[in-house]
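# Structural characterization, general
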Amino acid sequence: MHQDVENIMFSKEQIEKRIAELAAQLDREYAGKNPLMVGILKGSVMFYADLLRAMTIPVEMDFMAISSYGAGAKSSGEVKLIKDLDRKIEGRHVIIVEDIIDSGYTLSYLKRMLYSRKPDSVKICALLDKYSRRVVPIEADYKGFDCEDEFVVGFGLDYAERYRNLPYIGILKRSVYEK
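If you're wondering where the values come from, they're calculated on a predicted model, not measured in any experiment. (Residues numbered from 1 in each chain as written. Predicted model: local features only at pLDDT ≥ 70, side-chain atom pairs only at ≥ 80, totals over all residues. Heavy atoms only, no water.)

## A word on the overall build of the protein chain
Across its full length, the protein chain carries four helices and nine strands. Mapped from its N terminus to its C terminus, the protein chain presents α and β elements in the order β-α-β-α-β-β-β-α-β-β-β-β-α. Taking 179 residues into account, the globule formula puts the C-alpha radius of gyration at 16 Å, and the protein chain, at 16 Å, falls close to it. Principal-axis analysis of the C-alpha atoms places the extent of the protein chain at approximately 50 × 35 × 25 Å. For the protein chain, buried positions account for 50% of its 179 residues. A separation threshold of at least 6 residues defines the contact pool for the protein chain, and within that pool the share at least 24 residues apart is 66%. Only carbon and sulfur atoms are counted for the fraction: they give 50% of the accessible area of the protein chain, which is about 8,900 Å². (Helix = DSSP H or I, 4+ residues; strand = E, 2+ residues; numbered from the N terminus. Rg over C-alpha atoms; globule rule 2.2 N^0.38 Å. Buried < 20%, exposed > 50% of the residue type's maximum accessible area, 1.4 Å probe, protein only. Contact = heavy atoms within 4.5 Å. Areas by Shrake-Rupley, 256 points an atom, 1.4 Å probe, with all protein chains shown as cover.)

Now the structure itself:
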């Protein structure tokens, strides 16, 4: 897998440090609120697990699976709900934990859908923000890193279900996905 990576954008150490900072911020802002942390499958799993382990306040966990990519390298713009929450969120503080904000289609759809269920708040915590690709206006409330307009993999991010288990975030060689 490593041979398919052009170069490393964020090292394992950089990611660990930033996750610790985000966890401390969330601990401060959600102390006494028992937030529901919603991991967006599959890409956020590594970030989600490390973030929750770094937090010291009580949290509850749930997952959703939503897609706007399919097997391609670009968002299709069509959002599909694959797995919904297992619990009600009315009156709860919800934090969506996502791997990357790219076009904004998925998170915009998700935030609207969740707000229709009457939570007290819905915030977004994303590891990466690829703002230059934004089509729908949406912002992360908490973000790890700004991301250049490159095709990135690793630390949960994939191309065709591969590379998720790389311990860093790297730029995938064009020759891999422009076949």
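Now, onward.
## A short note on the sheet that holds strand β1 (residues 5–10)
Taken together, the three strands give an open sheet; going across it, the order is β1-β9-β8, and neighbouring strands pair in antiparallel fashion. Edge strands, defined here as strands with exactly one partner in the open sheet, are β1 and β8 (152–153). Pairing geometry for β1 and strand β9 (residues 169–172), over four bridges, is antiparallel. Following the sheet pairing, Asn-7 is matched in β9 by Ile-171. (Pairing = 2+ DSSP bridges.)

## Things to note about the packing of aromatic side chains
Per the counting criterion, the structure on display carries five aromatic pairs. Look at Phe-10 and Phe-145: their rings are 4.1 Å apart centre to centre, the planes differ by 20°, and that puts the pair in the stacked class. Here the residue Phe-10 occupies a position in strand β1, and Phe-145 occupies one in strand β7 (residues 142–146), the gap between them amounting to 135 residues. There is no split in this pair, since Phe-10 and Phe-145 are both buried. For the ring pair Tyr-48 and Phe-63, a centre distance of 4.9 Å and an interplane angle of 55° mean the geometry is tilted. (Phe/Tyr/Trp six-rings, centres within 6.5 Å; stacked < 30°, edge-to-face > 60°.)

## Topic: the side chain of Ser-108
Within the secondary structure, Ser-108 is located in helix α3 (residues 105–115). Ignoring anything within four residues of it in the chain, the contact list for Ser-108 reads Val-136 and Ile-138.

## A closer look at the pattern of salt bridges
Where charged atoms from two side chains of opposite charge approach closely, those side chains can pair. With the rule as written, the count across this model stands at 19 salt bridges. The partner of Arg-133 in a salt bridge is Asp-102, with the nearest N and O atoms 3.1 Å apart. Placement of the pair is Arg-133 in the loop between β6 (121–129) and β7 and Asp-102 in the loop between β5 (93–101) and α3, with a sequence separation of 31 residues. The exposure class of Arg-133 is partly exposed, given its relative accessible area of 25%. Given the relative accessible area of 8%, Asp-102 is considered buried. Across the pair Glu-178 and Arg-174 runs a salt bridge, and its minimum N-O distance is 3.1 Å. (Salt bridge = Lys/Arg side-chain N within 4 Å of Asp/Glu carboxyl O.)

Worth remembering: the numbers are spatial, not functional.
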